[in-house]
Amino acid sequence: MTKKERFNLFKKECLRWLDRFKIDDYGIRFGTETDSGSRAEIDLSQVESGVLYFHFNVDIEMTATQVKNSAKHEVIHALLADMTFWGSKRFASQSQLYEANERLVRKLQNIIS
């Protein structure tokens with residue numbers, strides 16, 4: 001797959017999962033740069049403003065299945081966006097919230113087809 005094909009598939013799959021989970025109360029933006037060097041990530045810094053940013057790393061070679069799984073994974077994070085955003089304003093540490101969130105996302109990712 002070309003970079004453009006991977007990116008377009010990622011966007012298509014994100015939109016499919018956003019619709020499936022009825023996540024329709026945010027503005028959605030897509031980009032091709034990641035801060036962490038991972039396959040994909042979601043930026044929740046603008047949740048309070050009602051915007052979710054999905055970033056996809058087009059430079060990492062992936063199969064269609066890997067692209068689809070990355071999209072599903074990031075949309076599950078979107079499902080938890082409010083909890084993650086507001087939870088970060090409380091007493092738990094960032095790493096505790098991140099690890100709890102990742103555990104739940106991985107479980108849901110394996111359950112949801």
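See above for the structure.
Treat the numbers as computed from the prediction; the structure is a model and nothing was measured. (Residues numbered from 1 in each chain as written. Predicted model: local features only at pLDDT ≥ 70, side-chain atom pairs only at ≥ 80, totals over all residues. Heavy atoms only, no water.)

Here we look at the overall build of the protein
Assigned secondary structure in the protein consists of four helices and three strands. From first element to last, N terminus to C terminus, the protein shows the α and β order α-β-β-β-α-α-α. Computed over C-alpha atoms, the radius of gyration of the protein comes to 14 Å, within 12% of the 13 Å expected from 2.2 N^0.38 for 113 residues, which places it in the range of a compact globule. The principal-axis extent of the C-alpha atoms belonging to the protein is close to 45 × 30 × 25 Å. Burial statistics for the protein: of 113 residues in total, 39% are counted as buried. Contacts in the protein between residues at least 24 apart in sequence constitute 66% of all its contacts with a sequence separation of at least 6. Put simply, the protein shows about 6900 Å² of open surface, and 50% of that area lies on carbon and sulfur atoms. In the protein, 17 positive and 16 negative side-chain charges are present, and the distance between their average locations comes to 6 Å. (Helix = DSSP H or I, 4+ residues; strand = E, 2+ residues; numbered from the N terminus. Rg over C-alpha atoms; globule rule 2.2 N^0.38 Å. Buried < 20%, exposed > 50% of the residue type's maximum accessible area, 1.4 Å probe, protein only. Contact = heavy atoms within 4.5 Å. Areas by Shrake-Rupley, 256 points an atom, 1.4 Å probe, with all protein chains shown as cover. Lys, Arg positive; Asp, Glu negative; His and termini not counted. Charge placed at Lys NZ, Arg CZ, Asp CG, Glu CD.)

Overview of the pattern of salt bridges
Throughout the structure, instances matching the rule amount to four salt bridges. Between Arg16 and Glu13 there is a salt bridge; the shortest N-O distance is 3.1 Å. Linking Arg16 with Glu13, this pair stays in helix α1 (residues 3-20), spanning three residues, or about one helical turn. When the shortest N-O distance is used, the salt bridge between Arg106 and Glu102 registers 3.2 Å. Linking Arg106 with Glu102, this pair stays in helix α4 (residues 94-111), spanning four residues, or about one helical turn. (Salt bridge = Lys/Arg side-chain N within 4 Å of Asp/Glu carboxyl O.)

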